[in-house]
Amino acid sequence: MTQFSQSRLDSIDIAFYHTRLSYNRRKITNQIMLIFTGILTSLALLPLVWIISYVVYKGGQYLSLDFFTQMPKPLGMEGGGVLHAIEGTIILTVLGGVIAIPPALLAAIYAAYHSNTILGIAVRFGTDVLSGVPSIIVGLFVYALVVKNQGHYSALAGGIALAIIIFPTIVRTTEEMIKLTPRTLREGSLALGAPEWKTTLSVTLVAAANGIVTGILLGLARASGETAPLLFTALGNENYEIGKIISSGVANRQGLLAILNRIFEQPVDSLPLTLWKYAQQPYPERISQSWAAALVLMILILVLNIATRIWLQRRMSRLQGR
Amino acid sequence: MDMFLDTFLLDFQNRNSHHNFPSLIDYSVTETAEEDKTKKVSFLVPASQIDSFTPSPQDTKYKASILNFSLFYGKFQALRNISMDIMANKITAIIGPSGCGKSTLLRSLNRMNDLVPNIRIQGQILLEGENIYAPGVDIVGVRRRVGMVFQRPNPFPKSIYDNIAYGPRLYGMRRRALLDEIVERSLQQAALWDEVKDKLHHSGMALSGGQQQRLCIARALAVQPEMILMDEPASALDPVATLKIEELMQSLKSEYTIVIVTHNMQQAARVSDYTAFMMIDNPQNRTGVLVEYGPTAQVFTNPQNKQTEDYVTGRFG
Amino acid sequence: MPRETFERELQELKYELLILGSIVEQAVRGAVEALKLRDLDSARRIYAGDQIINEKRYEIEQNCLILIATQQPMARDLRMLAAILEVNTELERIGDYAKGICKINLMLGSEPLVKPLIDIPKMADLGLDMLHRALGAFIAGDADTARTIPNEDDQVDELYNRVYNDLLKMMFTNPEIIPRANFLIWAAHNLERLADRVTNICERTVFLATGEIIELDMAEGKVI
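In this report, the structure presented in the accompanying data block is examined. (Residues numbered from 1 in each chain as written. Chains lettered and ligands numbered in written order. Predicted model: local features only at pLDDT ≥ 70, side-chain atom pairs only at ≥ 80, totals over all residues. Heavy atoms only, no water.)

**Here we look at the overall build of chain B**
Alright, step 1. Counting its secondary structure elements, chain B contains 13 helices and 10 strands.
Alright, step 2. Here chain B holds 317 residues, and 51% of them are scored as buried.
Alright, step 3. Pairs at least 24 residues apart make up 70% of the contacts formed inside chain B by residues separated by at least 6 positions.
Alright, step 4. Summed over its atoms, the accessible surface of chain B is roughly 14,500 Å², and 50% of this surface lies on carbon and sulfur atoms. (Helix = DSSP H or I, 4+ residues; strand = E, 2+ residues; numbered from the N terminus. Buried < 20%, exposed > 50% of the residue type's maximum accessible area, 1.4 Å probe, protein only. Contact = heavy atoms within 4.5 Å. Areas by Shrake-Rupley, 256 points an atom, 1.4 Å probe, with all protein chains shown as cover.)

**Some words on the overall build of chain A**
Alright, step 1. Per the secondary structure count, chain A includes 14 helices and zero strands.
Alright, step 2. For chain A, the succession of helices and strands along the chain, N to C, is α-α-α-α-α-α-α-α-α-α-α-α-α-α.
Alright, step 3. Relative to its full complement of 322 residues, chain A shows a buried share of 38%.
Alright, step 4. Split by element, the accessible area of chain A, about 18,500 Å² in all, is 68% carbon and sulfur.

**Observations regarding the packing of aromatic side chains**
Alright, step 1. Scanning the model with the defined rule gives 11 aromatic pairs over all chains in all.
Alright, step 2. Plain terms: the ring middles of Phe69 of chain B and Tyr133 of chain B are 5.6 Å apart, the flat faces sit at 45° to each other, and that makes the pair tilted. Of this pair, Phe69 of chain B sits in strand β1 (residues 62-73) while Tyr133 of chain B sits in the loop between β5 (130-131) and α5 (139-145), and the two are 64 residues apart along the sequence. Here the two residues Phe69 of chain B and Tyr133 of chain B agree in accessibility, since each one is buried.
Alright, step 3. Over the face of the ring belonging to Tyr278 of chain A we find Arg286 of chain A, whose NZ or CZ atom lies 4.3 Å from the ring centre.
Alright, step 4. Its guanidinium or amino end placed over the ring of Tyr171 of chain B, Arg144 of chain B lies 4.6 Å from that ring's centre, counting from NZ or CZ. (Phe/Tyr/Trp six-rings, centres within 6.5 Å; stacked < 30°, edge-to-face > 60°. Lys NZ or Arg CZ within 6 Å of the ring centre and 35° of its normal.)

**Some points on the interface of chain B and chain A**
Alright, step 1. On the chain A side, the residues contacting the 24 residues of chain B number 22 residues.
Alright, step 2. Roughly 1,800 Å² of surface becomes buried between chain B and chain A when both sides are summed, with 67% attributable to carbon and sulfur atoms.
Alright, step 3. It is Pro157, Tyr166 and Leu170 of chain B in chain B that bury the most area against chain A; as a group they hold 29% of the surface buried on that side.
Alright, step 4. A salt bridge links Arg107 of chain B to Glu187 of chain A; the shortest N-O distance between them is 2.9 Å.
Alright, step 5. At the junction of chain B with chain A, the criterion picks out six residue pairs in polar contact (both at pLDDT 80 or more).
Alright, step 6. Elements with a minimum of two residues in the side of chain B that touches chain A: α5, β6 (146-149), α6 (160-170) and α9 (209-221) of chain B.
Alright, step 7. With three residues, α6 of chain B is the largest single contributor of residues to the side of chain B that touches chain A.
Alright, step 8. Within the side of chain B that touches chain A, the residues separate by chemical class into 16 nonpolar, four polar and four charged. (Buried area = accessible area lost by both parts, 1.4 Å probe. Salt bridge = Lys/Arg side-chain N within 4 Å of Asp/Glu carboxyl O. Polar contact = N/O pair within 3.5 Å; in protein donor to acceptor, adjacent residues only side chain to side chain. Nonpolar A, V, L, I, M, F, W, Y, C, P; charged D, E, K, R; others polar.)

**Side note on empty space enclosed by the protein**
One simple way to see leftover space: roll a probe sized like a water molecule over the atoms.
Alright, step 1. Evaluated as defined, the whole model comprises four cavities of 30 Å³ or more.
Alright, step 2. One number sums up the size of the largest cavity: a volume of about 80 Å³.
Alright, step 3. Looking at the largest cavity, the residues that line it are Leu243, Glu246, Glu247, Gln250, Arg270 and Val271 of chain B together with Arg3, Thr5, Phe6 and Gln71 of chain C.
Alright, step 4. Of all the elements in the fold, those that place two or more residues in the lining of the largest cavity are α10 (239-252) and α11 (265-271) of chain B together with α1 (4-37) of chain C.
Alright, step 5. Ranked by residues supplied to the lining of the largest cavity, first place goes to α10 of chain B with four residues.
Alright, step 6. Within the lining of the largest cavity, the residues separate by chemical class into three nonpolar, three polar and four charged. (1 Å grid on protein atoms, 1.4 Å probe; cavity = no way out; pocket = protein on both sides within 12 Å on 5 of 7 lines; lining within 4 Å. Points joined across faces, edges and corners; volume = space filled by probe spheres on them.)

**So, the nonpolar core**
Residue and element names in this part refer to chain C.
Alright, step 1. Ranked by size, the top nonpolar core spans 71 residues in total, and within it Ile84, Leu91, Phe138 and Leu191 carry the most contacts.
Alright, step 2. Broken down by secondary-structure element, the contributors of at least two residues to this core are α1, α2 (40-71), α3 (75-108), α4 (119-140), α5 (143-148), α6 (153-173) and α7 (178-210).
Alright, step 3. Contacts of Leu91, omitting those with residues within four sequence positions, involve Leu17, Leu20, Gly21, Val24, Leu131, Leu135 and Ile201. (Core = buried A, V, L, I, M, F, W, Y, C linked by side-chain atoms within 4.5 Å.)

**Details of the layout of surface pockets**
Alright, step 1. Space inside the second largest pocket adds up to approximately 520 Å³.
Alright, step 2. If you trace the second largest pocket, you find 22 residues lining it, with Tyr113, Arg183, Arg186 and Glu196 of chain A together with Leu115 of chain B closest to the centre.
Alright, step 3. Put simply, the parts of the chain that give the lining of the second largest pocket at least two residues each are α3 (83-113), α6 (155-180) and α7 (183-191) of chain A together with α4 (102-108) of chain B.
Alright, step 4. Here the lining of the second largest pocket gets four residues from one element, more than from any other, and that element is α7 of chain A.

**What to know about unusual backbone geometry**
Alright, step 1. Backbone geometry places Asn68 of chain B, a non-glycine residue, at a positive phi of 50°.
Alright, step 2. In this structure, Asn68 of chain B sits in strand β1.
Alright, step 3. Unusually for a residue other than glycine, Ala75 of chain C sits at a positive phi of about 50°.

**Focus on a nonpolar patch on the surface**
Residues and elements named next belong to chain A.
Alright, step 1. Nonpolar side chains collect at one region of the surface, where Met33, Ile35, Phe36, Ile39, Leu40, Leu43, Leu46, Trp50, Tyr54 and Tyr57 lie side by side and expose about 1,100 Å² of accessible area between them.
Alright, step 2. Looking at the element boundaries, Tyr54 is found in helix α1 (residues 2-60).
Alright, step 3. By relative accessible area, which is 39% here, Tyr54 ends up partly exposed. (Patch = residues over 30% accessible without salt bridge, like charges linked within 9 Å, V, L, I, M, F, W, Y side chains within 5 Å.)

**Describing the pairing of strand β10 (residues 288-295) of chain B**
Residue and element names in this part refer to chain B.
Alright, step 1. Judged by how many residues are buried, β10 sits mostly within the fold: six of eight residues are covered.
Alright, step 2. Pairing between strand β9 (residues 274-280) and β10: seven bridges, direction antiparallel. The residue of β10 that forms the bridge with Tyr274 is Pro295. (Pairing = 2+ DSSP bridges.)

**Comments concerning the side chain of Thr287 of chain B**
Alright, step 1. Position of Thr287 of chain B among the secondary structure elements: in the loop between β9 and β10.
Alright, step 2. Every residue in contact with Thr287 of chain B, bar those within four places of it in the chain, is listed here: Gln77, Ala78, Leu79, Arg80, Met279, Ile280 and Asp281 of chain B.

**A closer look at the pattern of salt bridges**
Alright, step 1. All chains considered together, the criterion is met by 35 salt bridges over all chains.
Alright, step 2. Between Arg124 of chain A and Glu175 of chain A there is a salt bridge, with the nearest N and O atoms lying 3.2 Å from each other. Placement of Arg124 of chain A in helix α4 (residues 118-132) and of Glu175 of chain A in helix α6 is noted, with a sequence separation of 51 residues between them.
Alright, step 3. For Glu175 of chain A, a relative accessible area of 0% corresponds to the buried category.
Alright, step 4. When the shortest N-O distance is used, the salt bridge between Glu226 of chain B and Lys63 of chain B registers 3.4 Å. With Glu226 of chain B in the loop between α9 and β7 (227-231) and Lys63 of chain B in strand β1, the pair connects residues that are 163 residues apart, well separated along the chain.

**Remarks on α3 of chain A**
Alright, step 1. Taking 1.5 Å per residue, 31 residues should reach 45 Å; α3 of chain A reaches 44 Å between its end C-alpha atoms and fits that length.
Alright, step 2. The largest bend in α3 of chain A is about 30°, located at Ile101 of chain A, with the proline Pro102 of chain A one to four residues further on. (Expected span 1.5 Å × (residues − 1). Bend = angle between axes of the 7 residues up to and from the residue.)

**Remarks on the pairing of β7 of chain B**
Residues and elements named next belong to chain B.
Alright, step 1. Here β7 lies mainly inside the structure; five of its five residues are buried.
Alright, step 2. By the bridge criterion, four bridges tie β6 to β7 in an arrangement that is parallel. Bridge pairing in β7 places Gly147 opposite Ile228.
Alright, step 3. For β7 and strand β8 (residues 257-261), the ladder comprises five bridges, and the chain directions are parallel. Across the sheet, the residue bridging to Asp231 is Val261, located in β8.
Alright, step 4. Since β7 and β8 lie parallel, the crossover through α10 that links them has a hand, and here it is right-handed. (Right-handed = clockwise from strand over helix to strand, strands pointing away.)

**Looking at the packing of α9 of chain B against α10 of chain B**
Residue and element names in this part refer to chain B.
Alright, step 1. Contact pair α9 / α10: the axes reach a minimum separation of 9 Å and the direction vectors enclose 20°. Considered as vectors, α9 and α10 are oriented roughly parallel to each other. As α9 packs across α10, the resulting crossing turns out to be right-handed. The segment α9 lies against α10, with Gly210, Gln213, Arg214, Ile217 and Leu221 engaging Ala241, Lys244, Ile245, Leu248 and Leu252.
Alright, step 2. Residues that form the contact of α9 with α10 fall into these classes: six nonpolar, two polar and two charged. (Axes fitted to C-alpha atoms, helices over the stretch in contact; angles between N-to-C directions. Parallel < 35°, antiparallel > 145°, perpendicular 65-115°, else oblique. Left-handed = near helix turned anticlockwise from the far one by under 90°.)

Written out as structure tokens, the structure reads:
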């Protein structure tokens with residue numbers, strides 16, 4: 001008996017000896033892999049850092065407060081800003097969001113709860129295809145649909161084009177978020193006798209709000225950076241100034257609807273559009289303005305992103321009481 | 001030592017201090033005592049408890065009666081011919097191995113199974129004598145009368161106050177003063193008031209697991225149901241929180257009828273007055289059947305059915 | 001308070017045990033009194049009343065088992081229930097002694113006692129006093145008191161020896177009274193055993209409080 005256990009102990013010792021040897025080897029392998037993944041991660045981040053720093057470097061030289069608050073000046077004159085494009089970007093993005101969000105949410109709810117019905121499958125397939133459609137084609141489509149019929153380019157047409165572009169993003173993220181909310185949460189509400197629509201509205205959507213808002217913002221951020229669909233729809237307009245439209249509207253005692261109509265019926269510029277046009281011009285002044293516009297666009301999206309992140313974090317901590 | 005016991009001890013001494021004879025018990029039962037000798041003393045099944053199981057109609061009320069109830073998911077039969085009466089103001093536990101249809105039966109009691117597509121039922125479930133599966137019955141009404149608490153605490157992502165007020169608001173209650181009162185009463189009934197009264201407008205999700213579950217119980221109580229279904233209410237909780245839920249169930253008994261499904265046999269033994277044991281009839285078709293239903297003391301000390309005995313003694317299989 | 005249900009039911013069980021103790025005490029006291037006064041009617045009633053004691057014992061046993069099965073007591077609670085089962089049995093046996101004394105009374109019938117009872121009621125008083133305090137200590141889980149009570153058993157044994165010797169002497173001088181005197185020795189023996197059972201109850205009390213199983217009457221050799 002003792003003999004047996006002694007030999008067992010020996011074999012265990014030997015096993016541990018080998019383990020100790022291979023432990024060093026594993027440790028070295030682990031470190032090599034760690035360094036390797038670290039290098040690859042830095043490589044992946046490099047373009048991002050490069051782009052941002054280059055834009056900041058080139059655009060920062062021209063950037064000033066005037067650039068945000070002034071309308072463009074005629075060629076050959078010093079100074080001038082891109083106020084028209086900032087206003088246009090905001091108008092187009094908000095318009096796109098207002099048009100896209102309500103139907104996107106409804107479609108997402110339908111697809112989440114009736115995922116096995118024909119319509120549910122169609123929604124999912126349709127949004128997948130739509131998100132793959134090149135944005136220039138969306139622009140052409142809206143041109144044919146709206147601009148041709150209206151007879152002129154307009155902010156409205158641009159908004160519609162952007163709405164089509166962000167629609168699939170919002171549908172898919174919302175659907176995923178609704179599916180991620182625990183089933184028991186819905187059951188808790190249904191067990192109290194709440195009808196399904198009430199449950200969805202006041203429990204599911206509230207629980208999924210963080211994800212849905214994130215999805216919407218991703219869509220809006222993408223929309224605000226789009227150029228191609230706006231070429232045939234919003235066109236661009238260096239004389240667009242909301243302040244003037246509103247003040248002249250108020251002076252002429254026009255109603256709110258009429259003012260809104262005037263805002264939406266004109267062609268409008270946006271930051272990416274301006275950037276694109278300025279960059280093609282042979283004047284160094286315009287080239288620098290183009291860089292500055294790129295920086296403004298980046299700042300706009302960054303501010304939007306950070307603001308929502310803060311809002312989401314506040315909401316989360318409120319919900320979790322920390 | 002307990003106050004009650006102290007006084008009794010005192011009484012006990014007083015009664016024994018005087019040596020008068022005859023004494024505490026009346027021995028003048030000579031004739032009947034002879035008969036008593038022949039009376040068989042039933043071991044382990046107290047006659048008193050069996051009596052309470054088949055009570056005279058005026059003694060005990062049935063809150064709900066399941067009559068020959070069968071349930072199908074498409075072609076699969078999940079429950080077959082289940083009949084049992086659920087006693088008012090008692091705790092009824094449903095135990096049995098996984099997949100025997102306990103939860104399905106529980107969810108049939110407030111028609112939560114209606115959410116599952118392709119469902120078909122036979123038989124009846126009477127709530128206070130009315131068949132809840134009769135055509136034209138309002139499901140909302142059924143669910144209001146029969147509340148439910150789930151396995152995992154599922155507070156809504158709202159404040160504690162709004163969680164409780166959710167149900168009453170559904171039924172059109174808007175007056176702030178009344179809602180305040182309902183919230184306080186429900187939380188007090190759920191033994192949570194003292195812990196949360198200063199943070200009613202904090203999120204319900206910030207509470208601990210046990211508190212969340214009591215919040216869910218309070219939420220169910222807020223619409224003043226008659227019966228509360230609990231689907232393994234403590235399986236996600238630690239032992240202390242579990243104990244609190246169990247004590248809470250005891251205190252709710254006087255006002256509500258409680259039906260609990262639990263995997264934890266000891267829990268069923270501890271908390272319930274009646275126990276139903278369910279099993280699948282055979283491994284091929286996996287249809288759930290009711291094997292034994294009786295007073296908990298009987299099911300756990302002297303079950304009438306061999307399968308029940310095997311299950312409660314852990315020799316199942 | 002945690003485990004309210006269990007605590008409540010345990011208290012009820014203790015209460016039931018005290019009631020059983022009280023009934024048994026009264027039965028023993030009554031049986032000895034009836035023997036002393038040659039009250040055959042009372043003896044008959046107490047004899048029949050043993051059935052009540054037995055039923056009470058079964059009831060307590062059942063409730064105890066139900067409590068174990070449904071409430072899963074542990075540690076001290078478990079010892080308490082195990083000890084209640086034990087004490088329950090001891091009390092029922094003491095009840096049987098009362099029944100035995102009544103039976104002796106009935107078998108004596110109309111015949112007079114061989115001598116007036118003096119020491120036997122004293123034994124009963126001593127034994128019952130021990131029983132009463134032992135039950136109190138048991139319910140309170142008072143191990144210290146429980147350790148002292150068995151010492152008093154010596155007095156009971158002393159009395160028993162005296163009764164035994166007295167009656168033996170009488171039997172030698174007058175063989176005619178042997179059957180009747182023998183009955184009285186049985187009665188005394190029953191009471192002597194009663195005190196031994198009280199010792200057992202005290203041992204259970206120590207077990208309940210400390211978890212140790214000890215013999216409390218090992219100090220001196222027992223007569224017979």
